[in-house]
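Now for the letters of each chain:
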Amino acid sequence: MAAFSPLVTRRTSIIFAVTAWLICHATAGGHGDLTKGFISVPLDQSNLVIQKPYDVGVADRSSFQNGVHTLWVYATDKPHSPSSHTNPRTEIRIAGYDYSSGVWQFEAFGYVPSNTSGVVVMQIFGAETHATTLMMRVQDGALSYYRNPIYINGELKFEGSGRGGRSHFFKCGVYAQDDASDYMESRWKHIKVLKK
C-alpha cells in the first residue's frame, strides 16, 4: 500500500510528501497518522548509495546542498552498469535496511520540475513476479502508482497491495520510463526510513 500527499500540484511542478510502506507479514488499518507506532531508523550518507549512469561520476548526476538531494539523468545516458539492459537512472538506494518481514516505511519530501516526465521517482524494490512492489511515476505532471492515480490534494484516489517477494529496499530519484523527457530531475529532503 502506498500513500502520497501532494502539498502543491501545479502545471509548472509537483511538490509532494511521500510515505510508502510495504506490509510483508502484517496488516494495517486506517489512514490516520501513518507514522503512529513506527520508529525512525538512523540514516547517514553511508546509507544513501547513488546509482547513476556507469560512465559518469556521482557529481555529474547528483548534488547535495542545504539538505536537498538533487538527482538528474538524460534520456541518452547509459544504464547504471555496463551489463544492465535497463533505462538510464540516477537514484538513491537506501542501503543497510533491506527487509523481508515487518512493516517498513519510506518518508521524504520530493520535488519534480515541470520539464520532467516519463520517469519513476520512487520505488520499493523486490516482488514475487516483478522487479518492484511499488513505482511512483510522473507523467505529464501527474503522480501515479505505476500508471494508476493515487492521492491528490490529500484525497485517496488509489490504494494497492504489495506484490510479495522475499527481500525489499527503497529507492528515490529519477529512472527513465516510456516517453521520458530528454532531461529528468527530482529533489529530495528529509529522507527517513521507519519500521514498526
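Residues numbered from 1 in each chain as written. Predicted model: local features only at pLDDT ≥ 70, side-chain atom pairs only at ≥ 80, totals over all residues. Heavy atoms only, no water.

In the nomenclature of an unreviewed UniProt entry, the chain is known as Alginate lyase 2 domain-containing protein of Kalanchoe fedtschenkoi.

### As for the packing of aromatic side chains
A complete count under the given rule lists eight aromatic pairs for this structure. Pairwise contacts between aromatic rings join Tyr97, Tyr99, Trp104, Phe106, Phe170 and Trp188 into one cluster. We note Arg89 situated over the ring of Tyr175; from NZ or CZ to the ring centre the distance is 3.9 Å. (Phe/Tyr/Trp six-rings, centres within 6.5 Å; stacked < 30°, edge-to-face > 60°. Lys NZ or Arg CZ within 6 Å of the ring centre and 35° of its normal.)

### Here's the deal with unusual backbone geometry
Here the phi dihedral of Asn66 falls at roughly 50°; this positive angle occurs in a residue that is not glycine. Checked against the element boundaries, Asn66 lands in the loop between β5 (62–65) and β6 (68–74). Judged by relative accessible area, Asn66 falls into the exposed class, the value being 81%. One non-glycine residue with positive phi stands out, namely Asp140, at about 50°. Position of Asp140 relative to the elements: it lies in the loop between β10 (132–139) and β11 (142–145). (Helix = DSSP H or I, 4+ residues; strand = E, 2+ residues; numbered from the N terminus. Buried < 20%, exposed > 50% of the residue type's maximum accessible area, 1.4 Å probe, protein only.)

### Digging into the nonpolar core
The biggest cluster of nonpolar side chains holds 33 residues, and the ones touching the most others in it are Ile94, Phe106, Val121, Met122, Phe170, Trp188 and Ile191. Among the elements of the structure, β6, β7 (89–94), β8 (103–113), β9 (119–125), β10, β11, β13 (169–176) and β14 (183–195) are those that each provide at least two residues to this core. (Core = buried A, V, L, I, M, F, W, Y, C linked by side-chain atoms within 4.5 Å.)

### Some words on the pairing of β6
Counting buried residues in β6 gives five out of seven residues, a clear majority hidden from the surface. Pairing of β5 with β6 involves four bridges; the strand directions are antiparallel. In the sheet register, Ser63 faces β6, and the bridge partner there is Thr70. Taking the residues that link successive antiparallel strands as the turn, the β5-β6 hairpin has two residues, and the phi of Asn66 there is positive, at about 50°. (Pairing = 2+ DSSP bridges.)

### Concerning the environment of Pro79
Note that Pro79 resides in the loop between β6 and β7. Taking the C-alpha atoms as reference points, Pro79 and Pro53, separated by 26 residues in sequence, lie 5.0 Å from one another. Look past the residues within four positions of Pro79 in its chain and what remains in contact with it is Lys52, Pro53, Tyr54, Ser84, Thr86 and Asn87. (Contact = heavy atoms within 4.5 Å.)

### Some thoughts on the pairing of β11
Where β10 meets β11, four bridges bridge the pair, whose relative direction is antiparallel. Within the sheet, the bridge partner assigned to Val138 lies in β11 and is Leu143. Where β10 hands over to β11, the hairpin turn is made up of two residues, of which Asp140 adopts a positive phi near 50°.

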